[in-house]
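# A look at the structure
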Amino acid sequence: MSRLNLPTLCLSGLYLLSPSGLLAQSPTDGSKPIADILVDRPEAARELQEKLLADVRQLTFEGKRAGEGYFSADGRQMVFQSEREAGNPFFQIYLQDRETGDVRRVSPGVGKTTCAWIHPSGDRVLFASTQYDPAATDKQKAEIEFRESGQTKRYSWDYDETYELVELDLKTNEYRQVTNALGYDAEGSYSPDGELICFASNRRAYTDALTEDERKLFEVDPASAMDLYVMRADGSGVKRLTTAVGYDGGPFFSPDGKQICWRRFTKDGLIAEIMTMNVDGSNQRAITKLQAMSWAPFFHPTGDYLIFATNRHGFSNFELYMVDADGQHEPVRVTYRAGFDGLPVFTPDGTGLVWTSNGGNSQSQLFEASWNDTQARVLLGLGTSTNEIAEANQAAQVTTREFTAADIGRHVDYLCRPELGGRLTGTPGEIKATGYVAAYLESLGLAPAGNDGTFFQEFEFVSDVKLGETNALQLGDDSLVVDQDWRPVFFSKEGPVEPTEIVFAGYGIVAPADGDQEEYDSYVHLDVSDKWVLVFRQMPQDIAPERRQHLARYSGERYKAMMARERGARGLIFVSGPNSPLKSKLMPLSLDGSLGAGSMSVVSISDETAAKCFQLAKLDIQEVQSSLDNGDPQMGVLFEGVKMSGNIDIEPVTSQGRNVLALLRAGDQPTPEMVLVGAHIDHLGRGVGGGSLAKEDEVGGVHRGADDNASGVAAVLEISQYLASEVRAGRLEMKRDVLIAAWSGEELGLRGSQAFAENFAKLFPHRTAADPHADPHADPHADPHADPHAMHGPQPLYPELAACVNLDMVGRLRDSLVLQGIGSSPYWTGAIERRNAVVRLPLKLQEDCHLPTDASTFFLRGVPILSAFTGSHSEYHTPRDVPELLNYEGGAKIARLMALLTRDLVTSESAPEYQEQTAQPEMRANLTAYLGTVPDYTQTDISGVKLGGVTKGAPAEQAGMQAGDVIVELAGRKIENIYDYTYAIEALKIGQETSAKVKRGDKEIELQLTPASRQ
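Only a predicted model underlies this, so the values are computations on that prediction, with no experimental measurement involved.

## Regarding the overall build of the protein chain
- In terms of helices and strands, the protein chain carries 22 helices and 53 strands.
- Looking at the protein chain as a whole, 56% of its 1015 residues are labelled buried.
- Restricting the contact set of the protein chain to residue pairs at least 6 apart, pairs at least 24 apart contribute 68%.
- Taken as a whole, the protein chain presents about 41,100 Å² of accessible surface, with 47% of it coming from carbon and sulfur.

## Brief notes about the nonpolar core
- Counting 89 residues, the largest nonpolar core has V125, I197 and W371 as the members making the most contacts within it.
- With near-sequence residues (within four places) excluded, I197 lies in contact with L126, L165, V178, G188, S189, Y190, Y229, V230, M231, A233 and F253.

## Details of the confidence of the model for the protein chain
- On average, residues of the protein chain carry a pLDDT of 86, and 88% of them reach 70 or more.
- Of all the helices and strands in the protein chain, strand 2 (residues 21-24) carries the lowest mean pLDDT, 33, while strand 41 (residues 737-743) carries the highest, 98.
- Considering only residues more than four positions removed or in separate chains, one finds that residues 769-797, a stretch of pLDDT under 50, has 28 contacts.
- The low-confidence segment residues 921-925 (pLDDT under 50) makes eleven contacts with residues lying over four places distant or belonging to another chain.

## Structural notes on the packing of helix 8 (residues 405-415) against helix 9 (residues 428-443)
- Contact geometry for helix 8 and helix 9: axes closest at 10 Å, N-to-C directions at 150 degrees. One finds that helix 8 runs roughly antiparallel with respect to helix 9. Here R410, H411, Y414 and L415 of helix 8 lie close against helix 9, whose contacting residues are K432, A433, Y436 and Y440.
- Tallied by class, the residues present in the contact of helix 8 with helix 9 amount to five nonpolar, one polar and two charged.

## Some points on the pattern of salt bridges
- All told, the structure shown has 46 salt bridges when counted by the stated rule.
- A salt bridge links K466 to E47; its shortest N-O distance comes to 2.9 Å. In this pair, K466 sits in strand 28 (residues 456-467) while E47 sits in helix 2 (residues 42-50), placing the two residues 419 residues apart along the sequence.
- A relative accessible area of 41% means that E47 is categorised as partly exposed.
- D227 serves as the salt-bridge partner of R204, at 2.5 Å between the closest nitrogen and oxygen. On the criterion of sequence distance, the pair formed by R204 in helix 4 (residues 204-207) and D227 in strand 14 (residues 227-232) is long-range, its members being 23 residues apart.
- Sharing partners across several salt bridges, the network here consists of K112, D133, K139, D158 and D160.

## What to know about the environment of L380
- Tracing the sequence through the fold places L380 in helix 6 (residues 373-380).
- Of the residues examined, L380 reaches a relative accessible area of 1% and is grouped as buried.
- In the structure, L380 is positioned 49 residues away from P331 in sequence and 7.5 Å away in space, judged by C-alpha atoms.
- Leave out the neighbours within four places in its chain, and L380 touches Y305, M322, V323, D324, H329, E330 and V332.

## A short note on the environment of Q457
- Note that Q457 resides in strand 28.
- On the accessibility criterion, Q457 (3% relative accessible area) is buried.
- Taking the C-alpha atoms as reference points, Q457 and L763, 306 residues apart in sequence, are found 8.7 Å from one another.
- For Q457, the residues in contact, after removing those within four places along its chain, are G450, N451, G657, R658, N659, L661, G752, A755, F756, N759 and L763.

## A short note on unusual backbone geometry
- Look at the link from D708 to N709: it is a cis peptide, with omega at 5 degrees.
- Mapped onto the fold, N709 is located in helix 14 (residues 706-728).
- Phi angles above zero are rare outside glycine, and Q538 is one such case at about 60 degrees.
- Along the chain, the position of Q538 falls in the loop between strand 35 (532-536) and helix 10 (545-552).
- The class for Q538 is buried, based on a relative accessible area of 7%.
- Positive phi, normally seen in glycine, also occurs at M809, with a value near 70 degrees.
- With respect to the helices and strands, M809 occurs in the loop between strand 42 (801-807) and strand 43 (817-820).
- With a relative accessible area of 5%, M809 lands in the buried category.

## A closer look at the side chain of R377
- Looking at the element boundaries, R377 is found in helix 6.
- Within polar-contact distance, the side chain of R377 engages the side chain of D304 at 2.8 Å.

## Examining the pairing of strand 4 (residues 65-71)
- With seven of seven residues buried, strand 4 lies mostly within the body of the structure.
- Alignment of strand 4 against strand 5 (residues 77-83), held across five bridges, turns out to be antiparallel. Of the residues in strand 5, the one forming a bridge with F71 is M78.
- Two successive antiparallel strands, strand 4 and strand 5, enclose a turn made up of five residues, where G75 displays a positive phi of approximately 75 degrees.

## Remarks on the pairing of strand 39 (residues 650-664)
- Direction of pairing for strand 27 (residues 447-448) relative to strand 39: antiparallel, over a ladder of two bridges. The partner of P448 across the bridge, within strand 39, is A662.
- Of the strand pairs in this sheet, strand 28 and strand 39 are connected by eleven bridges, and their pairing is antiparallel. Residue pairing for strand 39: F456 is matched across the bridge by V660.
- In the sheet, strand 39 pairs with strand 41 via five bridges, with the strands oriented antiparallel. Across the sheet, residue L661 finds its bridge partner in strand 41, namely A741.

## What about the sheet that holds strand 11 (residues 174-177)?
- Spatially, four strands are ordered 8-9-10-11 in an open sheet, and the strand pairing comes out antiparallel. The sheet terminates laterally at strand 8 (113-118) and strand 11, the two strands that pair on one side only. Within this sheet the neighbouring strands show an average axis-to-axis angle of 25 degrees, counted without direction.
- In this sheet, strand 9 (residues 124-129) lies alongside strand 8 in antiparallel orientation, the contact comprising four bridges. Counted as the bridge partner of I118 is V125 from strand 9.

## Here's the deal with the sheet that holds strand 18 (residues 272-278)
- Strand order in the open sheet made by the four strands is 16-17-18-19, with antiparallel pairing throughout. Each edge of the open sheet is held by one strand with a lone partner, namely strand 16 (248-253) and strand 19 (285-286).
- In the sheet, strand 16 pairs with strand 17 (residues 259-265) via four bridges, with the strands oriented antiparallel. When the sheet's bridge partners are listed, F253 is paired in strand 17 with I260.

## Some points on the packing of aromatic side chains
- Scanning the entire structure with this criterion turns up 41 aromatic pairs.
- On the basis of an interplanar angle of 65 degrees and a centroid distance of 5.0 Å, the ring pair of F252 and F298 is categorised as edge-to-face. Taken as a pair, F252 in strand 16 and F298 in strand 20 (residues 294-299) lie far apart in primary sequence, 46 residues in all.
- Take F252: its relative accessible area is 3%, and that puts it in the buried class.
- Pairwise contacts between aromatic rings join Y159, Y163, Y184, Y247 and F265 into one cluster.
- Directly above the ring of Y229 sits R203, whose terminal nitrogen or CZ lies 5.6 Å from the centroid.
- The residue whose ring lies beneath R658 is F456, and the NZ or CZ to ring-centre distance is 3.7 Å.

How each quantity is defined
Residues numbered from 1 in each chain as written. Predicted model: local features only at pLDDT ≥ 70, side-chain atom pairs only at ≥ 80, totals over all residues. Heavy atoms only, no water. Helix = DSSP H or I, 4+ residues; strand = E, 2+ residues; numbered from the N terminus. Buried < 20%, exposed > 50% of the residue type's maximum accessible area, 1.4 Å probe, protein only. Contact = heavy atoms within 4.5 Å. Areas by Shrake-Rupley, 256 points an atom, 1.4 Å probe, with all protein chains shown as cover. Core = buried A, V, L, I, M, F, W, Y, C linked by side-chain atoms within 4.5 Å. pLDDT = per-residue confidence, 0-100. Axes fitted to C-alpha atoms, helices over the stretch in contact; angles between N-to-C directions. Parallel < 35°, antiparallel > 145°, perpendicular 65-115°, else oblique. Nonpolar A, V, L, I, M, F, W, Y, C, P; charged D, E, K, R; others polar. Salt bridge = Lys/Arg side-chain N within 4 Å of Asp/Glu carboxyl O. Polar contact = N/O pair within 3.5 Å; in protein donor to acceptor, adjacent residues only side chain to side chain. Pairing = 2+ DSSP bridges. Phe/Tyr/Trp six-rings, centres within 6.5 Å; stacked < 30°, edge-to-face > 60°. Lys NZ or Arg CZ within 6 Å of the ring centre and 35° of its normal.

Put into structure tokens, the structure is as follows:
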């Protein structure tokens, strides 16, 4: 609700929407007002904008122009101004029902109007109007006649001295005049409690004595005498707040009603800065110093920061910026759009933004978008949102030291909310989740144990890869289109590739003989040195299951690249081929779980592009692939006269995740040992980065991760509350501190817990210096950053960690709770028996310590581990893993058992003894076939593979498989364990029906199923 009146700045192509702001057209002289990223790199500009704004869409469409949209306190209504009625040349005020889209005019239709605001009660609307001017109708007719004459005039806002603040009662449709003073009274807004109105007015120019300079300035610029005033909502008790010469306008109250923001112009009207003050007019200060035209500020509902518009990038190019409420940080750019963007306002819940924009055109309308509050805080250097703190504090007030289903449910509910977006590491959802957990632990009295005295340990990771800007590929005389004809493979060498000949090498497989399986070599008598090698993806299609299983281990893209590189190839080209069952013909540009580029160029090309190469060699690509699909290797071919060149540009996408670390101290001084209790807080977001098992109609949906692993985090918070309350009550004398951790990056490969382990000495220097418990035989020069998977046996790196208690997926208690990692210490069996005697949970104990969860990070470093798990299910890693499916009573019992086990650990005289365990051999599976089965990893005492579930619509379900079935045979192969099952799947051909035998109760049933493609 800000104002601009700058007639000296009305250049060609520049317009004013209202006193609220400029509506900029592109300059008519052909100049470029924006010589920045907006013009030079539009894709990069869009990426920057999307950090804060998502789903940008136009909100209003009618009339010549519309703008200045403001919400009711409940967000159900929006008031705005628009010039849209035939025969009415002035703005009128309209009210939109946000639920139905219904719009009605609330101004009388006579006179000029502007600057509306809805009372917090929602029953009346405030706006500025000249409807009480006796000449209002004549002025309206005169304006219409002038426009119909075909004449034009430079547009500037009319500071009509008959503007008054008017209030409409929405129930009675009666108007009430709030102000009655000669001069321009407008830009009014209610305080959050509805008791006060702050507005802008130049009334003093009509009643007070002005200096000669002020009078001259006022004659050419009526806005120069504009000041801010505050009054009671009934119009009484008017008090002037500002006295500076120049335009003070556009006031809004802070969410708590204690401050007012506005913008102040210099006398010449060329520069404006964003200002704040107390509601009584004291403590007036500028929170921006951009030396540009910065105006239209609006508080975020948290009150922590403001959004505003500025033209710092060009006179007529207004963009949205934000700044913290204290002005301690540099303002941050929000929009990267052509034309005018201004008058921003947040939705009452802070998750949306509405602003006025012309989108680079001459006509303005309202636009809206989703707002990323969490990312805004990161960019502004602000801490945890007051929303997350409030949620956590409220949770702390209503949860109890007892282990209850309600407490577990409260935490799960917050972590699974849609606005957290699946808690993908490095996203705003992860920041919200970790902010909530940190605030909750702080409310319990735990001490921060992260970096720089905070509860957070931040870590960087490569989250993805993307196409750079200089990708190019030339096949002969044809320029190929990236992402259509070709795409680089993420482990490719980057940089230019000189024109290079192409050699075709079949499926590019090199497999040694194995038993009765013969050797397979695609490179026999083929010289590929310094050439591109073109190969089909996967393996021959029409081969026996035994041959398929043999070749499967040598048909992965990485392995094929290694074989080509060892033979001197300069580059490798993958093509699916017309016979391929793969859904995606170009290989996706995404990480495969390992980092590091190769020393060879690697690309994927479309079937159509590859067909051109074969045609030039007078070959048909489908006939060639068909001849190879029977499994017999054939001699390769040099495509004479065909060369390919180009440039490969792949950019890593680096993100930052953060762990939550909190310490429950046993006393005033750190104890020599700590017990670590943790769970991973991250999940898959929308599943687009890999790991998702979503069905085709679920792809892109939010993976809320209720069981995986909101359930584990909720249990850890329950454990924390219990231990903290026991210590405060004097019922627990701990010999060891307890470190509570919420790990991020688990789904990306244990990134968060490994970052913690690698930086343990930095986080706890007082514990690692001259440790009397250190192994005297340890190598003092051991590298703490060495690959943990290369370590064997107990490691002396962390004698301070007495044990690691981990909770990963504990929300689906059915038959039993699985406690994994028993083999890491002889301590566990006795402790579990003692503590479960009072909880009485049905348990399954598993020796295996090499687990796909954060506990492995610590086991590999010599720490005894115990990990709780309630089993897999068909909703695992899909959008169907929702809070409604959890067993909250079971989750509370599990939290209690693990809390009592932690109690055992912190009170025992000695720490658990670490015990080595040899890892199971790596399966080296290269699965291309998809069945949709979810093995139940809690069952280890049966012969076969028991299913925890089957994915709806997948081949297994279509064949009739059910949760609880035990697969004992697949494609003629006996299945005794998960390894047998994995190897059997390797031998399956996509699209070819095969048989499976399952045990269902006492019966053995034979089923027929047709494998689908994983890719």
